[in-house]
Amino acid sequence: MRRVNSRLPMIFAAVLAAACAQSAGAQTDWAQWRGAGRDGVVKTFPAPAAWPKELARKWKVAAGGGYSSPVAANNRVFLHAREGEQEVVTAFDLATGKTVWTKSYPAPFAKNQYAVKMGRGPNSTPVLHNGRLYTLGVTAILSAFDLATGAEKWEWFGDGPGYASPVVADLTGARQVVTLTDKSVVGVAADTGKLLWKVPFADEWNENIVTPVVRGRNLIVSGIRQGTRAFEIARAGGGFEAKQLWHNPQVQMYMSSPVLDGDLLYGLSNTRKGQYVCLDAKTGRIVWATEGRDGNQAAVLSAGGVLLFLTADADLIVAARSSKGFEPLARYKVADSATWAHPAILGKQILVKDEASLSLWSVE
């Protein structure tokens, strides 16, 4: 294992760019945040014709705290978690849940005095690439497990980091890393780190959390006090610019990142204490929205013709992918404590990380 102290999470984006180039994977692979395309869309999930009354739990193991999601490849599951003053990376056998190996390093961390309900990390989901596992700890320690050199390819010094996860996209003929900083939306060249364009996206508490969604050469971003906006990335004057296409101030996504299905965008808005929503991605118009009080967090996935919502209360909700309204098909309790981490879909199996454990569920 090689560790380097990273000064900005944008350094980590160089690793991300390489990982996204290998987005296709087998049914037992889940190499990064939100799946193969880093967009919450699962193309290898065979949804059952009829959903069972209960899911079958194949195994459950004790695991440390934190918000990092599990990743998987080659019949191994990898988890980055906290145990006391240590950050721990563990490899589990996918079939049995047994520990294959574990590594740890000191990571003492003091929370902000106002974030009384927030855990102490880690917050970032690992990336698997070319047989190596990359993790970014809560104290900005970038680690590579098994043979990586840790050499920097590039870094960008600009705004402070936001909480949002970057995505890699080909926009107007340029491969870019796109992310939300603490005060803006930026696109930087994936090969050099050069800033290509930037638009203001300020938040008074620096809570830019939502992962951007790519739609052709357009981007959709959302924030708790910004609402939801769409930008077109275009060439201008030998460079690039981001033109705002629409703005919906009513749909304010906080921690939950939406998924795109054609011209429909599904997600969870923080409005009215949580509303499941469907937007027209071309115009920003609300197609449908629930009444409210649906909670402040849900991981959203589009899989096998249905939508999957894993709420912070450990409810896995299966809903129809529809423009007619929110149509739940099934609901399952998948943990005994809060589920802030994003699930991983492996064929007909679902990995769920809660506050104290990691479990594997099957839809068969």
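Residues numbered from 1 in each chain as written. Predicted model: local features only at pLDDT ≥ 70, side-chain atom pairs only at ≥ 80, totals over all residues. Heavy atoms only, no water.

Another point: the overall build of the protein. Of the regular secondary structure elements, the protein holds 1 helix and 29 strands. Counting over 364 residues, the protein shows a buried share of 56%. By sequence separation, contacts in the protein at least 24 residues apart represent 53% of the contacts at least 6 residues apart. Surface summary for the protein: the accessible area is close to 15900 Å², and the carbon and sulfur share equals 49%. (Helix = DSSP H or I, 4+ residues; strand = E, 2+ residues; numbered from the N terminus. Buried < 20%, exposed > 50% of the residue type's maximum accessible area, 1.4 Å probe, protein only. Contact = heavy atoms within 4.5 Å. Areas by Shrake-Rupley, 256 points an atom, 1.4 Å probe, with all protein chains shown as cover.)

This brings us to the packing of aromatic side chains. Taken as a whole and assessed by the stated rule, the structure comprises 9 aromatic pairs. With 4.8 Å between their ring centres and 15° between their planes, Tyr-276 and Phe-326 make a pair best called stacked. Taken together, the residues span a long stretch of sequence, with Tyr-276 in strand β21 (residues 275–280) and Phe-326 in the loop between β25 (315–320) and β26 (328–333) at a distance of 50 residues. Residue classification places Phe-326 among the partly exposed positions, given a relative accessible area of 24%. Considering the side-chain rings of Phe-309 and Phe-326, the 5.9 Å spacing of their centres and the 70° angle between planes classify their relative orientation as edge-to-face. Of the two residues, Phe-309 is situated in strand β24 (residues 306–311) and Phe-326 in the loop between β25 and β26; the sequence distance between them amounts to 17 residues. Connected via pairs of aromatic rings, a cluster forms that spans Tyr-266, Tyr-276, Trp-288, Phe-309 and Phe-326. (Phe/Tyr/Trp six-rings, centres within 6.5 Å; stacked < 30°, edge-to-face > 60°.)

Turning our eyes to something else, we now look at the sheet that holds strand β16 (residues 218–223). Paired through their backbone hydrogen bonds, the strands of a sheet run either parallel or antiparallel. Here we have 4 strands laid out as an open sheet, ordered β15-β16-β17-β18, and antiparallel in their pairing. Each edge of the open sheet carries a strand with a single partner, namely β15 (213–215) and β18 (239–248). Strand-to-strand twist in this sheet, taken as the mean axis angle between neighbours without regard to direction, amounts to 30°. Relative to strand β17 (residues 227–236), β16 runs antiparallel, the two sharing 6 bridges. Its bridge partner lying in β17, Gly-223 is registered against Gly-227. (Pairing = 2+ DSSP bridges. Axes fitted to C-alpha atoms, helices over the stretch in contact; angles between N-to-C directions.)

Here Met-255 shows up in the loop between β18 and β19 (259–261). By relative accessible area, which is 26% here, Met-255 ends up partly exposed. Linking Met-255 and Leu-268, residues 13 residues apart in sequence, is a C-alpha distance of 8.9 Å. Excluding residues within four positions of it along the chain, Met-255 makes contact with Ile-209, Asn-296, Gln-297 and Trp-340.

Right, let's talk about the confidence of the model for the protein for a bit. The predicted structure's coordinates, where accompanied by low pLDDT, should not be read in detail. For the protein, the average pLDDT comes to 89, and 88% of its residues sit at 70 or higher. The model gives residues 2–8 a pLDDT under 50, and that stretch makes 29 contacts with residues more than four places away or in other chains. (pLDDT = per-residue confidence, 0-100.)

Before going further, it helps to examine the pairing of strand β7 (residues 99–106). As judged from the 7 bridges shared by strand β6 (residues 86–93) and β7, these two strands associate in the antiparallel manner. Looking at β7, one finds that Glu-87 is bridged to Tyr-105. The loop that links β6 with its antiparallel partner β7 comprises 5 residues; one of these, Gly-97, has a positive phi angle of about 85°.

Our focus in this paragraph is the sheet that holds β25. Across the sheet, which stays open at both edges, the 5 strands sit in the order β2-β23-β24-β25-β26 with mixed pairing between neighbours. Each of the sheet's edge strands pairs with one partner strand only, and the pair in question is β2 (41–42) and β26. With 6 bridges connecting them, strand β23 (residues 298–303) and β24 associate as antiparallel partners. Bridging across to β24, Ser-302 finds its partner in Leu-307.

Attention now goes to the pattern of salt bridges. Going through the model one piece at a time under the given rule, you end up with 15 salt bridges. Across the salt bridge formed by Lys-348 and Glu-364, the nearest N and O atoms sit 2.8 Å from each other. Taken together, the residues span a long stretch of sequence, with Lys-348 in the loop between β27 (344–346) and β28 (349–353) and Glu-364 in the segment after β29 (357–362) at a distance of 16 residues. You can call Lys-348 partly exposed: its relative accessible area is 33%. (Salt bridge = Lys/Arg side-chain N within 4 Å of Asp/Glu carboxyl O.)

Relative to the elements of secondary structure, Ala-335 occurs in the loop between β26 and β27. Between the C-alpha atoms of Ala-335 and Asp-315, which are 20 residues apart in sequence, the distance is 8.0 Å. With residues up to four places along the chain from it excluded, the contact list for Ala-335 reads Ala-314 and Asp-354.

A few words now on the nonpolar core. The biggest cluster of nonpolar side chains holds 35 residues, and the ones touching the most others in it are Trp-51, Leu-308, Leu-351 and Leu-358. If we ignore the near neighbours within four places in the chain, the residues touching Leu-358 are Trp-59, Lys-60, Val-61, Ala-63, Pro-70, Val-77, Leu-79, Phe-92, Leu-351, Val-352 and Lys-353. By size, the runner-up hydrophobic cluster in this structure holds 19 residues, among which are Val-167, Leu-171, Leu-219 and Ala-242. (Core = buried A, V, L, I, M, F, W, Y, C linked by side-chain atoms within 4.5 Å.)

Further remarks concern the pairing of strand β11 (residues 167–171). Looking along a regular strand, one sees side chains alternate from face to face of the sheet. With 4 of its 5 residues buried, β11 lies for the most part within the structure. In sequence, β11 turns back onto strand β12 (residues 174–180) through a hairpin of 2 residues, with Thr-172 there showing a positive phi of about 55°.

As a further point, take unusual backbone geometry. Backbone geometry places Arg-38, a non-glycine residue, at a positive phi of 60°. Relative to the elements of secondary structure, Arg-38 occurs in the loop between α1 (12–20) and β2. With a relative accessible area of 8%, Arg-38 lands in the buried category. Positive phi values are uncommon outside glycine, yet Thr-172 reaches one of about 55°. The topology assignment puts Thr-172 in the loop between β11 and β12. Overall, Thr-172 belongs to the partly exposed group, its relative accessible area being 21%.

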